[in-house]
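Observations on the model geometry
Here is what each chain is made of, one letter per residue.
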Amino acid sequence: MMPIKKGKVRVRFAPSPTGGLHLGGVRTVLYNYLFARQHKGSFILRIEDTDQGRYVEGAEQYILDCLEWCGLEPDEGPHKGGPFSPYRQSERKESYRQYAEQLVQSGHAYYAFDTPEDLEKMREELKRPDNPSPQYDHRVRSSMKNSLTLSQDETDKLLQQNTPHVIRIRVPENEIVSFHDLIRGEVQFNTNSVDDKVLLKADGMPTYHLAVVVDDFLMQITHAFRGEEWLPSSPVHILLWKYLGWKDSMPEWAHLPLILKPDGNGKLSKRDGDRLGFPVFAMDWKDARTGETTQGFREKGFLPEAFINLLAMLGWNDGSGKELFTIEELIESFSLDRVHKSGAKFDFEKAKWFNHEWIKKIDTPVLVTALQKKLSEKNLSYETHYLSKVIELVKERCTYVNDLWEHSVFFFISPDPDVTAIVSKWNDEKTTFFNNLMEVFQMVQPWDSVSLEHECKMLATANNIKPGEVLLPLRIMLVGGKFGPGVFDIAAVLGKQETNKRIASTLQVLRNNKVG
RNA sequence: GCCGCGUUGGUCAAUCGGUUAAGACGCAUCCCUUUCACGGAUGAAUGAGGGGUUCGAUUCCCCUACGCGGUACCA
């Protein structure tokens, strides 16, 4: 059993506005959500709606739509408020400066007046083959223009003149920062390899480093889950919790393994999806810069249940070999100590398998609704009862929800039978047989698959025809080609009138064909 | 370069010192189905390398190799 902090569990998800909700992002939300639900806690959505200081149109709505589709409803968030409003980054920006100033007062941060050019010059001058990217750290800060090297008067003067400046954390020399990660155990860093990260930018906006710590503290977050790419900056965050005097309120950390591209290694990116032909976003994602839209899992025809299921299994399992989980079962059995340490390559074939399984498993009405939507696009309308029967027959052959239509068109539109496969073997005996079959079908009671098959085969035997010789023709008459579920199942659903109508019309086609 | 994290079949992975090293996806073959799928059966395929510790290491420790992540006034 995982040691849980005292007090109510509070977890948060804080997506950036420019990335779309990709696989890794959704998995992070999912694990947050599962953990919160399991511990009867709160799942908080804190949204970043600005990028480089500019408001990103539609970012918030996109995130909310994705979460809704996935069924991962936050308990607190920008759209529904909560005790720690506001939940939008753009509405919180005013409050960060005081915390940065507080750190300056206590000696754990300092003002830095270096211009971007100064920084570039420093990096260029200190660059060595064995140190290609020099950091602004305890070794170099003494030779830079900041409140540690300037006198108090000079500093005050620069501040009064509104000289552009940032506030940087003053990382101590040669100290060990260690913390416990719920997934990785004890993790240690020597502060000598940690640089003096900017906390407050020249435009007055906080960097992520300051913002997460302040926000997590103010929102009383108890458990912080994020991608493994954040592990290297965690010592900065730990130091901030300590220097702000909040060490006792620091959340438990969990750095989740990365989701990797299927070929080669490396983090999965949007480009990999484009390149390899599969979605990486939960829903269609329109890139604000290029105006390009990339297809999402929803639009591709994935069931949210399947999407959630496959994502949950990418980095976690319950140890029993079970792979199909409902969200309730996931809440029940999820545990952080069974989350893997290493990244998992995304396998789209396996993702398709999950969806296929879920299409077979999900309640028919869900699929009926999906099919109805497609039908209304075609200006067709059928009653639910009929659609349910159709879906029962075709769902097991569908990988995507969108396949339902293609696999069932012939139930709604009379096919144009492709007689090429049967015309060469056609003869008068078969014409007679099918004429008789229509008469037999007219009488058959009850109109179900078993009776139809029985009557058809009886008639064939009586006419000295092998059943196999008439089965393919019958299929082509009813569905138009060599595909689809069992012929008699199809006939049973189509009904007496429609079945006979299709037999008759194909007979007509064959007659014309012969004449022609 | 430095710092950190990781390494069981092609992929996802079980094993928490003793197993013929599960299972799933994919692949191959066969069966079922007088279509196509579904389904069933079978098969090929795995502990990065080297040292320890131990009666015994895939499992614990160290080194090496490899991979990934970070090294920004991006997140």
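Whatever comes next refers back to the structure up there.
Thresholds, definitions, all that
Residues numbered from 1 in each chain as written. Chains lettered and ligands numbered in written order. Predicted model: local features only at pLDDT ≥ 70, side-chain atom pairs only at ≥ 80, totals over all residues. Heavy atoms only, no water. Near = heavy atom within 4 Å. Polar contact = N/O pair within 3.5 Å; in protein donor to acceptor, adjacent residues only side chain to side chain. Helix = DSSP H or I, 4+ residues; strand = E, 2+ residues; numbered from the N terminus. Nonpolar A, V, L, I, M, F, W, Y, C, P; charged D, E, K, R; others polar. Axes fitted to C-alpha atoms, helices over the stretch in contact; angles between N-to-C directions. Parallel < 35°, antiparallel > 145°, perpendicular 65-115°, else oblique. Contact = heavy atoms within 4.5 Å. Salt bridge = Lys/Arg side-chain N within 4 Å of Asp/Glu carboxyl O. Buried < 20%, exposed > 50% of the residue type's maximum accessible area, 1.4 Å probe, protein only. Patch = residues over 30% accessible without salt bridge, like charges linked within 9 Å, V, L, I, M, F, W, Y side chains within 5 Å. Areas by Shrake-Rupley, 256 points an atom, 1.4 Å probe, with all protein chains shown as cover. Lys, Arg positive; Asp, Glu negative; His and termini not counted. Charge placed at Lys NZ, Arg CZ, Asp CG, Glu CD.

Focus on the protein's contact with RNA strand B
As a matter of local geometry, RNA strand B sits amid 58 residues, with Asp130, Lys201, Glu323, Arg397 and Gly468 nearest to it. If you look at RNA strand B and keep only atoms within 4 Å of the protein, 66% of those are sugar or phosphate atoms. Note that a phosphate oxygen of RNA strand B is positioned 3.4 Å from one of the backbone N or O atoms of Tyr208. One of the backbone N or O atoms of Gly315 is found 3.3 Å from a phosphate oxygen in RNA strand B. Where the surface near RNA strand B is concerned, the elements lending two or more residues are α4 (116-126), β6 (166-169), β8 (185-190), β15 (344-345), α12 (348-361) and α19 (467-479). Across the surface near RNA strand B, the residue classes break down as 20 nonpolar, 16 polar and 22 charged.

A short note on the packing of helix α3 (residues 96-105) against helix α6 (residues 208-218)
Viewed as axis vectors pointing N to C, α3 and α6 meet at an angle of 105°, and their least axial separation amounts to 10 Å. The orientation of α3 relative to α6 falls into the category roughly perpendicular. Here Tyr96, Tyr99 and Ala100 of α3 lie close against α6, whose contacting residues are Leu210, Ala211, Val214, Asp215 and Leu218. Here the contact of α3 with α6 is built from residues that sort into 7 nonpolar, no polar and 1 charged.

Considerations on the side chain of Ser451
Tracing the chain through its elements places Ser451 in helix α18 (residues 449-462). Of the polar contacts made by the side chain of Ser451, one reaches the backbone oxygen of Pro446; its length is 3.3 Å. Discounting residues that sit within four places of it in the chain, Ser451 has contacts with Val444, Gln445 and Pro446.

Thoughts on the pattern of salt bridges
Using the criterion set out here, one finds 28 salt bridges in the structure. Residue Glu228 is joined to Arg184 by a salt bridge in which the shortest nitrogen-to-oxygen separation is 3.8 Å. Here Glu228 is found in the loop between β10 (223-227) and α7 (234-243), whereas its partner Arg184 is found in the loop between β7 (176-181) and β8, with 44 residues between them in sequence. Exposure remark for Arg184: the relative accessible area of 18% places this residue in the buried category. Here Lys395 ties to Glu392 by a salt bridge, and the two come within 3.7 Å at their closest N and O atoms. Take Lys395: its relative accessible area is 11%, and that puts it in the buried class. Note on Glu392: relative accessible area 43%, which makes it partly exposed. The structure contains a network of salt bridges with shared partners spanning Arg12, Arg46, Arg92, Asp215 and Asp216.

Thoughts on a negative patch on the surface
On the surface, a cluster of negative charge is made up of Glu117, Asp118, Glu120, Glu124 and Glu125. Positionally, Glu125 belongs in helix α4.

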